[in-house]
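Letter by letter, the chains look like this.
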2 protein chains.
Amino acid sequence: MKVKATSIDIAHLAGVSQATVSRALRGSPLVNEETRRRIQAAAEQLNYKLDKNASNLRRMHSGTLALLLFEDPTADESHINPFFLSMLGSITRACAQRGYDLLISFQQFSHDWHADFADSNKADGIILLGYGDYLTHRDKLEKLVAQRTCFVRWGAVLPDQPGVSIGCDNFRGGQAVAGHLLERGCRRIAFLGDASSHYPEFFGRYRGYVDALEQAGVAIDPALQENAESTEHSGYEAMRSLIAREVGFDAVFAASDLIAIGAMRALGDHGLRVPQDVALAGFDDIATASFVNPPLTTVLQDTRQAGEVLVESLLGLIRGEAVESEVLPVKLMVRGSSLR
Amino acid sequence: MKVKATSIDIAHLAGVSQATVSRALRGSPLVNEETRRRIQAAAEQLNYKLDKNASNLRRMHSGTLALLLFEDPTADESHINPFFLSMLGSITRACAQRGYDLLISFQQFSHDWHADFADSNKADGIILLGYGDYLTHRDKLEKLVAQRTCFVRWGAVLPDQPGVSIGCDNFRGGQAVAGHLLERGCRRIAFLGDASSHYPEFFGRYRGYVDALEQAGVAIDPALQENAESTEHSGYEAMRSLIAREVGFDAVFAASDLIAIGAMRALGDHGLRVPQDVALAGFDDIATASFVNPPLTTVLQDTRQAGEVLVESLLGLIRGEAVESEVLPVKLMVRGSSLR
DNA sequence: CTGAAAGCGCTTACAG
DNA sequence: CTGAAAGCGCTTACAG
């Protein structure tokens, strides 16, 4: 095993006290420049690294954030939504920029997850990420608030929610997609995805869609809505069952790109061409969206910005500041799948 | 801020010494059952959580593993290879099962990454994951070995490598794909992907392909190999340039699924049908592989097993055991894209 | 089976 | 600007 140098070793080598070593290496302005240089040289010579455990213990914080990534229990492990993985990337980067480490953990919504990380001082705060039935875990969020755990979640921003939420503007995104499809002359626009308060993000997109139709004077036909969760498989099945119901439609707005990609395949299997027979749009703008054939019209959620805002908000909470929930803008990406 | 209960608070409440609290909660067999129950009750009442920083400091270990996920600098951040993300998931799970936390960090191969995590006692060992030019970072691996840092890497298993590597059987995988394509009557099989010692995994697949062709008495035509890195975009471009070269081919073996998916689109754009005109196969079996049209023939790397082996090997290293590099078996998944 | 005590490697008032 | 000292919350020989 390697022998680790401690601040005492540096102190001996540099001929100063251990306290001065600590100050010098932590960048305290109290230290003489020449002394600091001597200490730095000694530290390099001995390949010294700060012991984070000791430092954190003493400072009563961890310099670490925890990310709990929730998976729908129905989805198998290889099907983690690429959108969340992209968020993971940007959160990691945002943490690194601010000198924080990121601990990650996959969780099932159904499990008894609590905030072990925060409780055991391994993390100063936690980020909650993932789709799932909002109503079933709402009480857990309330518990976190009661325990005064610092946390932010990615999700729908609703009026009476526990804690702070960061989410994209699902309503406007839904409006934009439906508005665009209406503009292209579509009148029978199906919606693929859950549309209930259990899934507030999809519901927000649905409400935007309803709003756009109403504004255009197009009647809402409940038969055009079909439940789906955010997987290709679910999108495929939902599309099949919509086709089987023979309700007639000229466009499909899928609540996520994964659903849209599954739907695209189902349409193809039934001999329906996109966009000639059916215009199609999704939501998220995952990498694959621009790569399917035809390229998928969708709504861009800026994951880079989202990661920044999540981390910045959480850090604010940790500093004891008042932090508000925030709705991030979205952007309609028009591509071939809706251009008929 | 919340007031945290310490083991001293529990000791007071339960009427024992702090040392006994520590023993009881750590499951030491030395503690009387009744005492333990009393302590446990007190701990629950005060919502006590072990302070990991203190515990780790005292025990001189961290109970944490770090995962360094390398990205090719050319790839943009949203295009993290789904295969690695799937690995990430299985590594996380394998860690959790063993009571270890996982710290993650995205890195550029080009950067000066070192093993800060391990050095600063934040992690007991590190896992290295990602494609990239092997030759350019080989010296860094050697430095890790010299420093006696515990690490394992996912990648090609080569004879003279520094440290321990876990990888799949790229050679056999390549053999299996090429063998299968030969069996379907293909004779002009193109290879899309780098085939040099800079990218040992792709190179292993290539050598397997060469071996299968030679065994079948089919001549190797260097014109049929086209460089590509593991992205859809790169696959698309490689396919286009192969088509442009007009060398004639009846099958394509892409060194990864991402490359294959890009190639599939390029073939479509040029009016070539898969599999009727060109049989196509990939490598990795990412989720999307079974979802493209036609479903992609590919080689399954068992990420669940890989994650387990990576974590188990690293833990072995940490315990000071002798750990060998390991080659994991692969499995050919025959799907529509190669059945002509 | 239990307690008193030392100590992990830092940070930070306190004193000079 | 620097040092001596206390203490963060645990774990673990040592003694009984």
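As the structure is a computational prediction, the values presented were derived from the model and not from experiment.

Rules behind the numbers
- Residues numbered from 1 in each chain as written.
- Chains lettered and ligands numbered in written order.
- Predicted model: local features only at pLDDT ≥ 70, side-chain atom pairs only at ≥ 80, totals over all residues.
- Heavy atoms only, no water.
- UniProt positions renumbered as here; feature names shortened; annotations may be inferred.
- Helix = DSSP H or I, 4+ residues; strand = E, 2+ residues; numbered from the N terminus.
- Phe/Tyr/Trp six-rings, centres within 6.5 Å; stacked < 30°, edge-to-face > 60°.
- Buried < 20%, exposed > 50% of the residue type's maximum accessible area, 1.4 Å probe, protein only.
- Pairing = 2+ DSSP bridges.
- Contact = heavy atoms within 4.5 Å.
- Axes fitted to C-alpha atoms, helices over the stretch in contact; angles between N-to-C directions.
- Near = heavy atom within 4 Å.
- Polar contact = N/O pair within 3.5 Å; in protein donor to acceptor, adjacent residues only side chain to side chain.

How should I be thinking about the UniProt feature "domain: HTH lacI-type" (unreviewed entry) in chain A in this particular structure?
The positions UniProt marks with the feature "domain: HTH lacI-type" (unreviewed entry) are residues 5-59 of chain A. Taken as a whole, residues 5-59 of chain A contains 67% helix and 0% strand, while its terminal C-alpha atoms sit 21 Å from one another.

So what exactly am I meant to see when it comes to the packing of aromatic side chains here?
Centre distance and the angle of the planes are the two values used to describe a pair of aromatic rings. Enumeration over the complete set of coordinates arrives at 16 aromatic pairs over all chains. Ring plane angle 40 degrees and centroid distance 5.5 Å describe the contact between B:F191 and B:Y209, whose orientation is recorded as tilted. Here B:F191, found in strand 6 (residues 189-192), pairs with B:Y209, found in helix 9 (residues 200-215); they are 18 residues apart in sequence, far enough to count as distant. For B:Y209, a relative accessible area of 2% gives the class buried. Ring pairing ties together the aromatic residues A:F191, A:F203, A:Y206, A:Y209 and A:F253, which thus form one cluster.

Teacher, can you tell me more about the sheet that holds strand 7 (residues 225-226) of chain A here?
Residue and element names in this part refer to chain A. Taken together, the four strands give an open sheet; going across it, the order is 7-6-8-9, and neighbouring strands pair in parallel fashion. Edge positions in the sheet fall to strand 7 and strand 9 (279-281), since each has one partner strand and no second. Two elements, strand 8 (residues 251-254) and strand 9, share three bridges in a ladder whose sense is parallel. Counted as the bridge partner of F253 is A281 from strand 9. The strands touched by helix 8 (residues 170-183) within the sheet are strand 6 (189-192), strand 8 and strand 9, with strand 8 carrying the most contacts at an inclination of about 170 degrees. Relative to the sheet, helix 11 (residues 257-269) contacts strand 6, strand 8 and strand 9, its axis offset from that of strand 9 by approximately 155 degrees.

Would you mind showing me how to read the protein's contact with DNA strand C here?
For DNA strand C, the set of nearby residues contains 29 residues, the closest of which are A:S7, A:Q18, A:S22, A:R58 and B:T35. Per the 4 Å cut-off to the protein, sugar and phosphate atoms form 61% of the nearby atoms of DNA strand C. Here a base nitrogen of DNA strand C sits 3.2 Å away from a polar atom, N or O, in the side chain of A:R23. If one sorts the elements of the surface near DNA strand C by residue count, helix 4 (residues 52-59) of chain A sits on top with five residues.

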